[in-house]
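Survey of secondary and tertiary structure
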Amino acid sequence: MRPTTTTNAGTPVASDEYSLTAGAGGPNLLQDTYLLEKLAHFVRERVPDRVYHVKGGGAFGYFEVTQDVTQWTRAAFLNKVGKRTPVLARLSTVAGEEGYADTDRDVRGFAVKFYTEEGNYDMVGNNTPVFFVRDPMKFPDFIHSQERMPDSGLRSNNAQWDFWTLSPESAHQVTVLMTDRGTPRTWRHMNGYSSDTYMWQNAAGERFWVKYHFKTEQGIQTMTDAEAKAMKAEDLDFHRRDLFEAILRQDHPAWRVEMQIMPYEEAAGYRFNPFDITKVWPHKDYPTIPVGRMVLNRNPENFFAQIVQAAFDVANMVPGIGPSPDRMVLGRMFAYGDSNRYRTGPNYAQLPVNRPLSEVHNYNKDAPMRYHHSGNQPVYAPNSYGGPAGEPQRYRDPSWTVESGEIMRTAYEAHREDDDFVQPGMLYRDVLGPTDREHLAGNIAAHLGSGVERFIQERAVKEYWTRVDRDLGARVAERIGLASVAGR
């Protein structure tokens, strides 16, 4: 037997089809409260989009520890081989809007929420091990350069290349983006990375710098630029559909979780700044260590409630895990939580998809949409009535030594190999094969040759790609008719 339709207050309603009117041909009546409620709710269905990482999808699953890592961290969810922790993963593009094709050339977001016994831990990364900028001051500017222009309402290749070529630290990420890794075949066939550097601390108080790597067990697969554009015409939601249908047929995607671990003391003298998100740590210096496995095996029951309203916060860390001097981490620790408060309100963490498994005890109170509360317990600290209390000895804030002393605005202190073009050049010469190098040059030229002013094209060839590699600069120049600029 079908249930009876009700108002939001649970009161039965007479009809789903017809509004209350004054006679068969008369006007609607203001007393039709169900109609008014239905219309009022309808025009309020949307919450503000994320400013970036708008187009995405996700699924639930678990993370399982496969190796003993207690020598490096005391995080409870990592304290025993075989231990499983529920997770939610959200995968996305960065610049595309909700209606965009999710196969467009772009970086992919790779965010994982671990529902641990000590609270939620959010690992918010991408499918690339590096990023475009290393200081949060430039992050809004970078996103603005990727979005629609204020006059035309259109996205602009010109703005992107203007920003990139005036920001040499972007060269490594742009090189990766312009390879076929910028157009993954599916979300299941790409890796995920923390990109940022974090701190692990063990039970003895020893500290380590770490980077996360999620290695796809399905194998890396990509599309060519032509294939990605063809899929754009065929299915705007190809990646979202692929993940949902794979799980539906029980073809559960999985990733090996591996860590790069740097002893705390080695960071200061390392040949380039290890907290610079535009750099990778070479695996010959810090090989990846397998620690676990993530499996996605359950689709959302309601996309809006469980994916759109899913809130990831870089500041959500658990004992044994903390931030590093990575400036992007420190900036993101504010911005992500504040974005969630703006989108879904100050009590966003009480939504089922965001609510931790552990109990919440603090002195926050009231604000819109609060439904879990502390009854008549004290709403201030200190108090004499048994309210929650912090444990400074048991849960010390993770920290590091700051020796520079004076507060100032400055770039990272340069280490001996801190050059923005060294690693993208190595990627081009030593990692990419002949076909990959050919595709990279063609992808760059196609993008750079579409709506970009000539002086920016010249800057891109002479001061950007030629500095990455002379051969790459020459190939790009030749394709866009600037061979003389590259010295050919």
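Sequence order as written defines residue numbering, which begins from 1 separately in each chain. Confidence filtering applies because this is a predicted model: local features only for residues at pLDDT of at least 70, side-chain atom pairs given and counted only at 80 or more, and all residues used for totals across whole chains, interfaces and linings. To get the side-chain values, all heavy atoms of the structure are used, and hydrogens and water are removed first.

Some remarks on the overall build of the protein
Definition in use: Strands here mean DSSP runs of E at least two residues long; helices mean DSSP runs of H or I at least four residues long; both are numbered from the N terminus. Restricting the calculation to C-alpha atoms gives the radius of gyration, and the globule rule supplies 2.2 Å times the number of residues raised to the power 0.38. For the exposure calls, accessible area comes from a 1.4 Å probe over protein chains only, and a residue counts as buried if that area is under 20% of its type's maximum, exposed if over 50%, partly exposed in between. For this analysis, residues touch if any pair of their heavy atoms sits within 4.5 Å.
When helices and strands are counted, the protein shows 12 helices and 10 strands. At 25 Å, the protein has a C-alpha radius of gyration in line with the 23 Å of a compact globule built from 488 residues. Expressed as a percentage of its 488 residues, the buried residues of the protein come to 49%. Of the contacts formed within the protein by residues at least 6 apart in sequence, a portion of 73% connects residues at least 24 apart.

Let's talk about the nonpolar core
Cut-off, in case you're wondering: The set of buried Ala, Val, Leu, Ile, Met, Phe, Trp, Tyr and Cys residues whose side-chain atoms join them within 4.5 Å is what this entry labels a nonpolar core.
In terms of nonpolar packing, the biggest core is built from 88 residues, with Trp161, Trp164, Trp200, Tyr212, Phe214 and Met294 touching the most fellow members. In terms of residues, this core owes the most to one element, helix 11 (residues 454-468), which gives six residues. With residues up to four places along the chain from it excluded, the contact list for Phe214 reads Phe110, Val112, Phe114, Met123, Asn191, Gly192, Trp255, Arg256, Val257 and Met294. In this structure, Trp209, Met262, Tyr264 and Phe272 belong to the second largest nonpolar core, which totals 11 residues.

A closer look at a nonpolar patch on the surface
Spelled out, the test is: Residues form patches when they are more than 30% accessible in relative terms and have no salt bridge. Like charges link within 9 Å. Nonpolar side chains (Val, Leu, Ile, Met, Phe, Trp, Tyr) link within 5 Å. Surface accessibility in these figures is a Shrake-Rupley result with a 1.4 Å probe; residues are shielded only by whichever protein chains are displayed. Here a salt bridge means any side-chain nitrogen of Lys or Arg lying within 4 Å of a carboxyl oxygen belonging to Asp or Glu.
Nonpolar side chains collect at one region of the surface, where Val379, Tyr380 and Tyr385 lie side by side and expose about 350 Å² of accessible area between them. Mapped onto the elements, Tyr385 comes out in the loop between helix 8 (327-344) and helix 9 (422-431). Assessed through its relative accessible area of 61%, Tyr385 is described here as exposed.

A word on the pattern of salt bridges
Scanning the entire structure with this criterion turns up 36 salt bridges. Note that Asp285 is salt-bridged to Arg271, the shortest N-O span being 2.5 Å. In this pair, Asp285 sits in the loop between strand 8 (254-263) and strand 9 (289-298) while Arg271 sits in the loop between strand 8 and strand 9, placing the two residues 14 residues apart along the sequence. Judged by its relative accessible area of 26%, Asp285 falls in the partly exposed class. The closest approach of N and O atoms between Asp420 and Lys279, which form a salt bridge, is 3.5 Å. Of this pair, Asp420 sits in the loop between helix 8 and helix 9 while Lys279 sits in the loop between strand 8 and strand 9, and the two are 141 residues apart along the sequence. Residue Lys279 is classed as buried on the basis of its relative accessible area of 3%. Residues joined by salt bridges that share partners form a network here, namely Arg134, Asp276, Lys279 and Asp420.

Focus: the pairing of strand 9
The side chains of a regular strand alternate between the sheet's two faces. Going by this rule: One requirement defines pairing of two strands: DSSP has to find at least two bridges between them.
The pairing of strand 1 (residues 56-65) with strand 9 spans six bridges and is classified as antiparallel. Along strand 9, the bridge assignment pairs Tyr62 with Val295. Looking at chain direction, strand 8 and strand 9 are connected through six bridges and run antiparallel. Considered in strand 9, the bridge of Val257 is made with Gly292.

Overview of the packing of aromatic side chains
To keep it simple, the criterion reads: Think of it this way: a Phe, Tyr or Trp ring, Trp meaning its six-membered ring, pairs with another when their centres are within 6.5 Å, and the plane angle makes it stacked under 30 degrees, edge-to-face over 60, tilted otherwise.
Summed over the entire model, instances satisfying the criterion amount to 28 aromatic pairs. Where Tyr464 meets Trp465, the ring centres are 5.1 Å apart and the plane angle is 85°; that geometry is what we call edge-to-face. Residue Tyr464 is classed as buried on the basis of its relative accessible area of 0%. Take Trp465: its relative accessible area is 0%, and that puts it in the buried class.

Some points on the packing of helix 10 (residues 434-448) against helix 12 (residues 470-479)
Put simply, the rule reads: Axis geometry follows a simple rule: fit a line to the C-alpha atoms, using only the stretch in contact for helices, then measure angles between N-to-C directions, giving values from 0 to 180 degrees. Put simply, angles under 35 degrees are roughly parallel, angles over 145 are roughly antiparallel, angles from 65 to 115 are roughly perpendicular, and the rest are oblique. The handedness criterion is simple: a crossing whose near helix is rotated anticlockwise from the far helix by less than a right angle is left-handed, and one whose near helix is rotated clockwise is right-handed. Residues are sorted three ways: Asp, Glu, Lys and Arg are charged, Ala, Val, Leu, Ile, Met, Phe, Trp, Tyr, Cys and Pro are nonpolar, and all the rest, Gly among them, are polar.
Direction vectors running N to C along helix 10 and helix 12 enclose 45°, while the axes themselves pass 9 Å from each other. As far as their axial angle goes, helix 12 and helix 10 are oblique. Between helix 10 and helix 12 lies a crossing whose hand is right-handed. Contacts between helix 10 and helix 12 pair Arg437, Glu438, Leu440, Ala441, Gly442, Ile444, Ala445 and Leu448 from the former with Leu472, Arg475, Val476 and Arg479 from the latter. Per-class residue counts for the contact of helix 10 with helix 12 are seven nonpolar, one polar and four charged.

A closer look at the environment of Gln457
Structurally, Gln457 can be placed in helix 11. A relative accessible area of 5% places Gln457 in the buried class. C-alpha separation for the pair Gln457 and Arg185, spaced 272 residues apart in sequence, amounts to 29 Å. Among all residues touching Gln457, those that are not within four sequence positions of it are Leu448, Gly449, Val452, Ile480 and Leu482.

Here's the deal with helix 11
Test applied: A helix's residues, less one, multiplied by 1.5 Å, set its expected span. Bend, in this description, refers to the angle at a residue between axes fitted to the seven residues ending there and the seven starting there.
Compared with the 21 Å implied by 1.5 Å per residue over 15 residues, the 20 Å span of helix 11 between its first and last C-alpha is a close match. Of all bends in helix 11, the biggest is about 35°, found at Val461. Those residues of helix 11 not exposed but buried are Ile456, Gln457, Arg459, Ala460, Val461, Tyr464, Trp465, Thr466 and Val468. For helix 11, the elements touching its buried residues are helix 3 (157-165), helix 4 (171-178), helix 9, helix 10 and helix 12.

Observations regarding the environment of Asn126
Inspection of the secondary structure puts Asn126 in strand 4 (residues 119-126). For Asn126, a relative accessible area of 8% corresponds to the buried category. Once you skip the residues sitting within four places of it in the chain, Asn126 turns out to touch His53, Val107, Arg108, Gly109, Phe110, Phe131, Asn191, Gly192, Tyr193 and Ser195.

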